[in-house]
Amino acid sequence: MIRLKPFLLLLGIAALVAAPIGQGNYIVYTLASWLIFSITAMGLNLTLGYAGQVSLAQAAFMGIGAYITALMTLNGIHWGLAVIVSIAASFAVGLLLGYPALRVQHHFLAFVTLAFNTLLFLVLRNEEEITGGSFGLVGMPRPSFFGITTDGNIAFYYFTLVCFVVSASAMWWILRSPWGRAFKALRENPIRAESLGLKVRRQTLLAFAIGSAFGGLAGALQAPLVQFIEPSSFGLIHSLKILLMVVVGGSGFFFGPMLGAAVVILLPELLRFTEGYYLIIYSTLVIVLMVFSPTGLIGAGHKLIEKFRPKHEARRDLKQGVQL
């Protein structure tokens, strides 16, 4: 099985490379959107699934990244510099937002992050001179590197794919590092983790900051993809949508956010042939999944594997011998 994992990983990357070939602009746009939301869902999965900190503000960090990137690129600054500033700003704001997590937990923390998301929405809507208010910003250029432009939809998809692979590799390294093990300890039992010498305060702040930075990167990609942003694109409903991706895919599993983003972004498109019934079917499938598998699709897959995997049964003669 260990040798099979690299092969499956390469097969998955090859499928992503081949996915847009021969497809229309809308399908390519949808696939690129899935990759972008997979990046931001990975960040929320680190905060929620691994560190156990509830956040309803991931869309707000996408908004921070998107608006910073839009304002900088519209003023002639290259996307490469804009994305660095976007990630750094999201990291810093996420670090500040992590401080309430030191005092409140669970649903109380969810209300704090919800309030932050609402506050950012109001700022983006009311500061019309900077953000354009309800009219938003339009015409963000797509980046070019060494004379290679990403103006075409397929070119931008492959650019997004590279960013996705780099982000997933960075997340894999974080989870395999001592930080990742510390985040898991923080989720399981903060008191025990602190008694073993773990700096709970620092790890809590890092969980928020790193997860927010992934949201900032996703926003920096969202702005040139859509080339139009406005405040409602990063409202509370979108934070709940990202939370749904993490929960449906499997919170605390590495591939959970990617699978969840595919369900939330791609499944409704596949069900559009049902016309007016596709939302009903989609909602029903999500409810059934949550009822029978609270650990998401990956958790359900693990249960099926364990069910059909042959179990080692103890010898009955030895069992009788013990009873004697």
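Our subject is the structure listed above.
Residues numbered from 1 in each chain as written. Predicted model: local features only at pLDDT ≥ 70, side-chain atom pairs only at ≥ 80, totals over all residues. Heavy atoms only, no water.

A closer look at the nonpolar core
With 77 residues, the main nonpolar core has Phe183 and Ile229 as its most contacted residues. Among the elements that take part in this core, helix 2 (residues 25-50) stands out by supplying 14 residues, more than any other. With residues near it in sequence (within four places) discarded, Ile229 still touches Ala66, Tyr67, Ala70, Gly136, Leu137, Met140, Ala223 and Phe234. (Core = buried A, V, L, I, M, F, W, Y, C linked by side-chain atoms within 4.5 Å. Buried < 20%, exposed > 50% of the residue type's maximum accessible area, 1.4 Å probe, protein only. Helix = DSSP H or I, 4+ residues; strand = E, 2+ residues; numbered from the N terminus. Contact = heavy atoms within 4.5 Å.)

Describing helix 12 (residues 256-270)
Residue pairs spaced three or four apart in an α-helix point in one direction, given the helix's 3.6 residues per turn. Here helix 12 spans 20 Å end to end across 15 residues, near enough to the 21 Å set by a 1.5 Å rise per residue. Maximal helix bending in helix 12 amounts to about 30°, located at Val264; proline Pro268 follows within four positions. Turning to helix 12, its buried residues number three or more, namely Gly256, Pro257, Met258, Gly260, Ala261, Ala262, Val263, Val264, Ile265 and Pro268. Looking at the buried residues of helix 12, the elements they touch are helix 2, helix 7 (153-176), helix 11 (236-249), helix 13 (278-292) and helix 14 (296-308). (Expected span 1.5 Å × (residues − 1). Bend = angle between axes of the 7 residues up to and from the residue.)

A few points about the environment of Thr150
Take Thr150: it is sitting in the loop between strand 3 (148-149) and helix 7. In contact with Thr150, not counting residues within four places along its chain, are Arg142, Pro143, Ala155, Phe156 and Phe159. A polar side-chain atom of Thr150 sits 2.5 Å from the main-chain carbonyl oxygen of Pro143. (Polar contact = N/O pair within 3.5 Å; in protein donor to acceptor, adjacent residues only side chain to side chain.)

A few points about the layout of surface pockets
Here the largest pocket is characterised by a volume of approximately 1,300 Å³. Around the largest pocket sit 31 residues that line it, and Leu9, Trp172, Phe254, Phe255 and Met258 are the ones nearest its centre. Residues belonging to the lining of the largest pocket are distributed by class as follows: 22 nonpolar, 5 polar and 4 charged. Roughly 610 Å³ of internal volume is contained in the second largest pocket. Lining the second largest pocket are 26 residues, and of these Ser33, Phe37, His238, Lys241 and Ile265 sit closest to its centre. Listed by contribution, the elements that provide at least two residues to the lining of the second largest pocket are helix 2, helix 3 (58-74), helix 10 (200-226), strand 4 (228-229), helix 11, helix 12 and helix 13. Considering each element in turn, the lining of the second largest pocket owes the most residues, 5 residues, to helix 2. Considered class by class, the residues forming the lining of the second largest pocket number 17 nonpolar, 6 polar and 3 charged. (1 Å grid on protein atoms, 1.4 Å probe; cavity = no way out; pocket = protein on both sides within 12 Å on 5 of 7 lines; lining within 4 Å. Points joined across faces, edges and corners; volume = space filled by probe spheres on them. Nonpolar A, V, L, I, M, F, W, Y, C, P; charged D, E, K, R; others polar.)

Some words on the packing of aromatic side chains
Under the defined criterion, the tally for this structure stands at 10 aromatic pairs. On the numbers, 5.1 Å between centres and 80° between planes, the contact of Trp172 with Phe254 is edge-to-face. Of this pair, Trp172 sits in helix 7 while Phe254 sits in the loop between helix 11 and helix 12, placing them 82 residues apart in sequence. Ring centres of Phe254 and Phe255 lie 4.9 Å apart, and the angle between their planes is 85°; on these two criteria the pair is classed as edge-to-face. For Phe254, a relative accessible area of 14% translates into the label buried. (Phe/Tyr/Trp six-rings, centres within 6.5 Å; stacked < 30°, edge-to-face > 60°.)

Focus: the packing of helix 3 against helix 5 (residues 106-126)
When two helices pack together, their arrangement is given by the angle between the helix axes and by the axis-to-axis distance. It is at 9 Å that the axes of helix 3 and helix 5 come closest, and there the two elements cross at 30°. By the criterion of interaxial angle, the relationship of helix 3 to helix 5 is roughly parallel. Residues Ala59, Ala60, Phe61, Ile64 and Tyr67 of helix 3 lie in contact with helix 5, whose contacting residues are Phe116, Asn117, Leu120 and Leu124. Considered class by class, the residues forming the contact of helix 3 with helix 5 number 8 nonpolar, 1 polar and no charged. (Axes fitted to C-alpha atoms, helices over the stretch in contact; angles between N-to-C directions. Parallel < 35°, antiparallel > 145°, perpendicular 65-115°, else oblique.)

Re the packing of helix 12 against helix 13
The N-to-C vectors of helix 12 and helix 13 enclose an angle of 145°; their axes lie 10 Å apart at closest approach. Classified by chirality, the crossing of helix 13 by helix 12 is right-handed. Contact with helix 12, carried on its side by Val263, Val264, Leu267 and Pro268, involves Tyr278, Tyr282 and Leu285 of helix 13 and no other residues of that element. For the contact of helix 12 with helix 13, the class distribution of residues is 7 nonpolar, no polar and no charged. (Left-handed = near helix turned anticlockwise from the far one by under 90°.)

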